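What follows is each chain in one-letter form.
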Amino acid sequence: DSTETIATSVVLISKIAQLKKSSSKVVEDPGMPSTELTMTLTATREWLKAVLSSKSLLNRATFFHQDEFHVWITLTTLDLGNNEWTSFWIKGLLSELEGRMKKEKPIQQIEIYCKKIEEIRNLQPLIAECFEKCALDAVYIICQDKSEAQLLERLWNYNLTKFGKLVSTIIENSWEKDYSGMFSDDPDSVLWHLLNWSAAKTIFQFLGIDSKVTEQLSNKAKDLMALAVQTFQHVMRDLLDGSIKIKQLEWILKKKDNFMALHKTKQGESFKEINLRQVLTWRQKELDRFFEERNWVDSFLKMCHKIDEHVKVAIDELKNVFDHDVREMKLNEVVTIEQIGAQFIVPYIPMVSYFSLSEEIKQMAKVIDSFKDSYILQMCWEKEAQRIYVSNEQHNEPPLSLEEVCTMIWNPCFDQYKNIFVKVKEASLTFAEVDNIFKDYRDRYEELRSDLKIMCGIDGNTKANWIEERIRQIKEYHQLHLAVESAQIIAKVQSVLNLTGNFTVLETLLNVTNESYSDKSLHYINEHLIQAKNRLVEITKPRRKALKELTQRCQFLQWVKEALKDVTELKVFVDLASISAGENDLDIDRVACFHDAVLGYSSLLFEIKPTAGFDDFMHCVQKLWNALDNDPDLTKKLQDSARHLEWLKTVKESHGSIEQSSLSLASAINSSGIYIIDSQGKNKLSLGSAIILKLPEAHGDNEEVRSYTLEDLKELQNKLMLMSGKGDHGRNEVDRFVEVFANVQRLATSFISLFSAGNMLFRNWKIEVYCSRTCEACLIIDFNLKEVRIIKAVGKVTEQLPILCKKMEAYLEVWKQYMDQQRSRYYYLNFYTAEQIVYLSTQLFNRSCTKLDVLMMLSFIKPNCTADDLEVAQQKLFDEDTSTGHRPLGDRKSCVQPFMMRQVDIQDIAMEETMDLVWKQYMENMTYFLSNCLDVSTLGKLLENVADMKQTVARTIPPGFQTGHPNLVVCPHSELLTSALCIYMHSSNQPLPTYDEVLICTADTTNEQVELFLRRCLTSGYTHSKIYSLLYADELTYDVSVRFEELFKSLELKSQSDQYKLVILCNSEREHCYIPTALSRHKVHMIPQQPLKEIQSYLENHYRVSTNSSAATVFRDGMFVRIISSNRAGVGKSLYVKRLHEKLKKQAGKDNLLKTIHLLEPQVDENKVLQALFSCIKSSNENQPLIFHFDIASTVQKGLCEFLFKLFILQYLMGTDEKMWKCSQRHLYVVEMLKGSGFLPRMRARHSAQVASYNFLDVFPKVYCRPPKEVLEEEVRKSETVSWNGNGIDPLMDEKEFRSESFQRPYQYLRKFKNRQTL
């Protein structure tokens, strides 16, 4: 419909344009299109582009969709009433159509043309012409790309009789042309074209199947194809009778498959009965045989040229034949041809007739060709020629014939060559023969290897595995003379050091160089001799001089070996000798000279054993070579030290053992100590647990590794400091030890800080610090992550260690900033310490986490959090991450590309750059490194999902307190906990204060705990309106107090709200401390207090449980907290708990529902309580109601009130290992204690009047157990008073216990005794 509309619009516009032209007064050219028509054509073309631009022609089901086809037909058949205008219109549209066609691939344009040309030709010839033009242009492009075969395969299914012009164009564009641009027509060119033309087979098939296709070709295409068929048939005839040119045969054999494919077409039917593959095999064999013999002749001619100066050979005629170009010759002119149908009794072997050589000459040429690259053969050949030359005194003999060359030169030459081969193979060559035959192979052993491999051709069955051994023997023989002088000196050193091992190889080596050994064979060069020679060759003249000097200082050597046991004692002796030397330059030089000399020769003085043989000696002497390379004056220093032997003896006798042992240990650490810093297998990380020193110690053949702790190293440091006044020259070792030790402590401090701050990159980090100056790597850093290889620092440890310390300190600052950002962004991260964040990140990575301690930790942000709640939160996070394209929870496969460290060899990068690279990659892509835990931001999101955002706490602050400011309350110590509780009573309808609202401070409170408390109070992003209380703030240490003030000011400035509610309670006895002083201007001049009854009522309302699934149902009032007390022991408190347990067992129908925890120490240890709670819950079903019985002994005096405040008010406990316990209303918490326990005041109150009339423990629900006398009185009162009800909870006489045998037996005895009855 739109096409018809456009067509009608175009016609109307043209009519209007004509009317406009006719009415216009301006005379215009009637043939020129109007402006309106031009604009209409442009608009139509743009419309066509917009509609058809995204539609490929071949992707349509029937080429043009019927609508599109209709568009082009309709628009190109419009009659605009003016021939010129109509022509202009059609040309514009056809140009657009041609452009659209040419956007397709050339082969697809041709396919479109073949599919639709008939239909288009009938409807619109102009469009048909456009399609044909595009198709013919596409043919040219395809022929340029040599893709005609692919095109013709596509056209196979079409009726090609209708596309003669297309096929003609393919043939003409594909045909080879000469330099003048004309079609090549000579047979060679035509054959070459047919063999290399990919479409030849298909064209032949087309023309052979249907002659009508040939009739439709152009005249030129017909001529070309006729020429192709004629040439092919002529070549086939030549191939069969052997008269084919050699070069044509080479082309055919190279393109055998193409040629056979042409043969199978109809054009080759005249040769249909011929087995072409067999014929080609014959011709290949004949051609190969000819070129094989030609190579023989070539090798023979070259060998003859090499002896021209000695003997002339008659080879001119043979050379002329050889140089002739045989490629233009016919095959049957150079070799016998096997004819089709010929019968042979024996396998047919082609005979070369071209060179006319006798069998003897052919055999000689063949062998020469096989060994033509052998230098030894050429040497034998030239020697035989020289022998003939010498025997011919006149030197005017005529040239030798080929037969004479074979008899006089070749046969003796080859016999000699074979003889050499046998001797070399069997290693029976004498040293004299080796000198004669292989003298030219000195330092050219690769060439010798090649020559010996060629010689193996003499015996086809010989394996070449003997060649390497023989080459090595010859090479070693050539170098034997280099080792003789060294062998003589080592023999003298053996005598001086009294070495009793095996040195017979030296004797053998000295004997081989004698002329009397020239008749010995190569067998004499054995492996042991070769190894000895190789070692001795390395001994240069300076090294021989050093060994010779050693043989001349026997007395000095003996004293050194007696006075010093090893290198460690040498270093200590040198330090002490430096102290003795003082400022005397001469003595200082003597010490330095002695140190260098003995250290350089230490391997021969201390390490070598008396039983050492030649191998052991050469191993030890290697260290001497290294020392000599570093100090060329070492030999002279040994000589000078030997002259000062008496002075050295005096120094040895002048120093004590304490100084020597301390310096000895420091020196040993500096030379071979290894500091190790790591956290693996350590519960609590500190400097003492993180640092350990490993020191290898050699004891004979065994090596023991001794470990030193931080305390051991500090003790050694103190001892070394006491020696500071002994002189400066002995301080080098001490200074080095102190410097490295200080930097190790500095590094460990940074590592511990990073570890404690929750950085997972350094969770399993380990570093080994090598103190030795000679170690290749002074630092070896292992992150114990599969994504990061071990990092090595090369250089001096005193330089690399401070660099690493600075890096670690910088990383710590960056990490603190990062955690600050994350805690500011994700509010619920502030409920947990860094260690707890690490634990949660690890546990919550598993989407099926059901661990009790994890759920209990999450219960602080979502009350009574269950595994189902956690699963819902994790799924929500998974859905959010998936929708935003982030990595789903626990999905590592969607991570980014593997860390670049896998592609980069980090050993090629400096240590500091490598550390920076690892750190940068970690901070940018933590998810890749954290293979089994969540990153901090993901954990923050998950905690937000877990948190119960529906429940809000809206507390109102008591009158007299201010919001948006800290409120300092100073009160007596005994009233502090109740005052804190009274603050929250002002909002009695709200829950009890929780863990996040109250922080009870002690001297052990850390910066992190204070920081998290302030963040919870001052960080925005939380919908609750809570009151945050800091209790006992005066107990904070000075450093933590200062940090509290700084952090409060910083967070208060960042806070976007001035509605925070912060109360700080301090002991009035410690009002002079830092926090009360710093916040004195915010002091509130009132102490929150409430009557005891109101406090008790407030707590009872919150302790009362409404559900029947709680253990609190054992009480009629349903409270899950009780204190069971009495004035003295033994009045039934434990019995009362036992009865509660029995009642609960009866209700629940289960056993073992009572968990008793005994508190016996003078101060409450929350860690032990926490461990006991978790062990109790693990041994039973965590969801079943339990009674937790805290049996508090009278010896408990400190921390009880604070413990009960946490347990009963805040309802949580947290240990130093960061584990947390959240009280559950499913359980019953019972405290058994004597009245008055736990009230040992920290400081004596100055104003007794300020002490409240009740103590803190009075506020909790109690059960009072009376002594027997009071129980009896109560029982009497109960029996006498009808309306007596008591409190209904306090126990009286236990009926069951009273009737028990243990009670009745003594009672009956006493009763009868009193009544004077017989017992």
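Up top is the structure.
Note that the structure is a prediction, hence the values are computed from the model and not measured.

1. As for the nonpolar core
For soluble globular proteins, the rule of thumb is that nonpolar side chains tend to be buried together.
Reasoning step 1: By size, the foremost hydrophobic cluster in this structure holds 207 residues, and its most contacted members are Tyr675, Phe762, Phe783, Leu858, Phe1190, Trp1221 and Phe1260.
Reasoning step 2: Filtering out sequence-adjacent residues up to four positions away, Phe1190 remains in contact with Ile1157, Leu1159, Val1169, Leu1173, Phe1203, Leu1207, Tyr1229, Val1230, Val1231 and Glu1232.
Reasoning step 3: Among the nonpolar cores identified, the runner-up in size contains 160 residues, and Phe421, Phe431, Leu452 and Phe503 belong to it.

2. Here we look at the packing of aromatic side chains
Reasoning step 1: Taken as a whole and assessed by the stated rule, the structure comprises 48 aromatic pairs.
Reasoning step 2: Ring geometry for Phe421 and Trp466: centres 6.2 Å apart, planes at 65°, overall edge-to-face. With Phe421 in helix α19 (residues 402-426) and Trp466 in the loop between α21 (445-455) and α22 (467-479), the pair connects residues that are 45 residues apart, well separated along the chain.
Reasoning step 3: An aromatic cluster is present here, built from Phe751, Phe755, Phe762, Trp765, Phe783, Tyr811, Trp815, Tyr818, Trp919, Tyr922, Tyr928 and Phe929 joined pairwise through their rings.
Reasoning step 4: Lying across the ring of Phe1174, Lys1219 places its NZ or CZ 5.8 Å from the centre.

3. Examining helix α42 (residues 911-924)
Reasoning step 1: In this model, α42 (14 residues) spans 20 Å end to end at C-alpha, consistent with the 20 Å of a helix rising 1.5 Å per residue.
Reasoning step 2: Listed as buried for α42 are Met911, Thr914, Met915, Leu917, Val918, Trp919, Gln921 and Tyr922.
Reasoning step 3: Where α42 is buried, its residues meet β5 (779-782), β6 (791-793), α38 (797-825) and α43 (926-929).

4. Quick notes on the sheet that holds strand β17 (residues 1262-1264)
Reasoning step 1: Strand order in the open sheet made by the five strands is β12-β13-β16-β11-β17, with parallel pairing throughout. Taken across any chain shown, the strands that pair with only one partner, and hence form the sheet edges, are β12 (1154-1159) and β17. Along the sheet, successive strands turn relative to each other by an average axial angle of 20°, direction set aside.
Reasoning step 2: As defined by bridge partners, strand β11 (residues 1121-1126) adjoins strand β16 (residues 1228-1234) across six bridges and the pair is classed as parallel. In the strand pairing of β16, Arg1122 is matched with Val1230.

5. Focus on the sheet that holds strand β7 (residues 966-971)
Reasoning step 1: Pairing is parallel across the open sheet formed by four strands, whose spatial order is β7-β10-β9-β8. Where the open sheet ends on each side, the last strands, each with one partner, are β7 and β8 (998-1000). Averaged over all neighbouring strand pairs, the angle between strand axes comes to 15°, with direction disregarded.
Reasoning step 2: Pairing of β7 with strand β10 (residues 1062-1067) involves six bridges; the strand directions are parallel. Counterpart to Pro966 in the pairing with β10 is Leu1062.
Reasoning step 3: Along the sheet, helix α45 (residues 976-985) makes contact with β7, β8, β9 (1028-1031) and β10, crossing β10 at roughly 165°.
Reasoning step 4: Helix α46 (residues 1007-1018) rests against β8, β9 and β10 of the sheet, and its axis sits at about 155° to β9.

6. Brief notes about the pattern of salt bridges
Reasoning step 1: Under the criterion given, the structure shown has 45 salt bridges.
Reasoning step 2: Measuring nitrogen to oxygen at the nearest pair gives 2.8 Å for the salt bridge that ties Glu328 to Lys247. Remark: Lys247 occurs in helix α13 (residues 246-254) and Glu328 occurs in the loop between α16 (316-323) and α17 (359-370); sequence separation between them is 81 residues.
Reasoning step 3: Owing to a relative accessible area of 12%, Lys247 belongs among the buried residues under this scheme.

7. A short note on unusual backbone geometry
Note: most peptide bonds trans; most residues except glycine with negative phi.
Reasoning step 1: The backbone phi angle of Tyr1032 is positive, close to 55°, even though this residue is not glycine.
Reasoning step 2: Locating Tyr1032 in the fold gives a position in the loop between β9 and α47 (1038-1054).
Reasoning step 3: Owing to a relative accessible area of 1%, Tyr1032 belongs among the buried residues under this scheme.
Reasoning step 4: We note that Arg1316 has phi near 55°; this positive angle belongs to a residue other than glycine.
Reasoning step 5: Summarising the element assignment, Arg1316 is placed in the segment after α55 (1301-1314).

8. Brief notes about the side chain of Lys362
Reasoning step 1: The topology assignment puts Lys362 in helix α17.
Reasoning step 2: Since its relative accessible area comes to 7%, Lys362 is described here as buried.
Reasoning step 3: Not counting the four nearest positions on each side in its chain, Lys362 is found in contact with Glu293, Trp296, Val352 and Leu357.

9. Points about the environment of Ile767
Reasoning step 1: With respect to the helices, strands and loops of the structure, Ile767 is situated in strand β4 (residues 766-770).
Reasoning step 2: For Ile767, a relative accessible area of 0% corresponds to the buried category.
Reasoning step 3: Remark: the alpha-carbon pair of Ile767 and Ile780, spanning 13 residues in sequence, is separated by 5.6 Å.
Reasoning step 4: Ile767 has contacts with Tyr675, Ile676, Ile677, Leu747, Leu779, Ile780, Ile781 and Leu804, leaving out every residue within four places of it along the chain.

Definitions and limits used
Residues numbered from 1 in each chain as written. Predicted model: local features only at pLDDT ≥ 70, side-chain atom pairs only at ≥ 80, totals over all residues. Heavy atoms only, no water. Core = buried A, V, L, I, M, F, W, Y, C linked by side-chain atoms within 4.5 Å. Buried < 20%, exposed > 50% of the residue type's maximum accessible area, 1.4 Å probe, protein only. Contact = heavy atoms within 4.5 Å. Phe/Tyr/Trp six-rings, centres within 6.5 Å; stacked < 30°, edge-to-face > 60°. Helix = DSSP H or I, 4+ residues; strand = E, 2+ residues; numbered from the N terminus. Lys NZ or Arg CZ within 6 Å of the ring centre and 35° of its normal. Expected span 1.5 Å × (residues − 1). Pairing = 2+ DSSP bridges. Axes fitted to C-alpha atoms, helices over the stretch in contact; angles between N-to-C directions. Salt bridge = Lys/Arg side-chain N within 4 Å of Asp/Glu carboxyl O.

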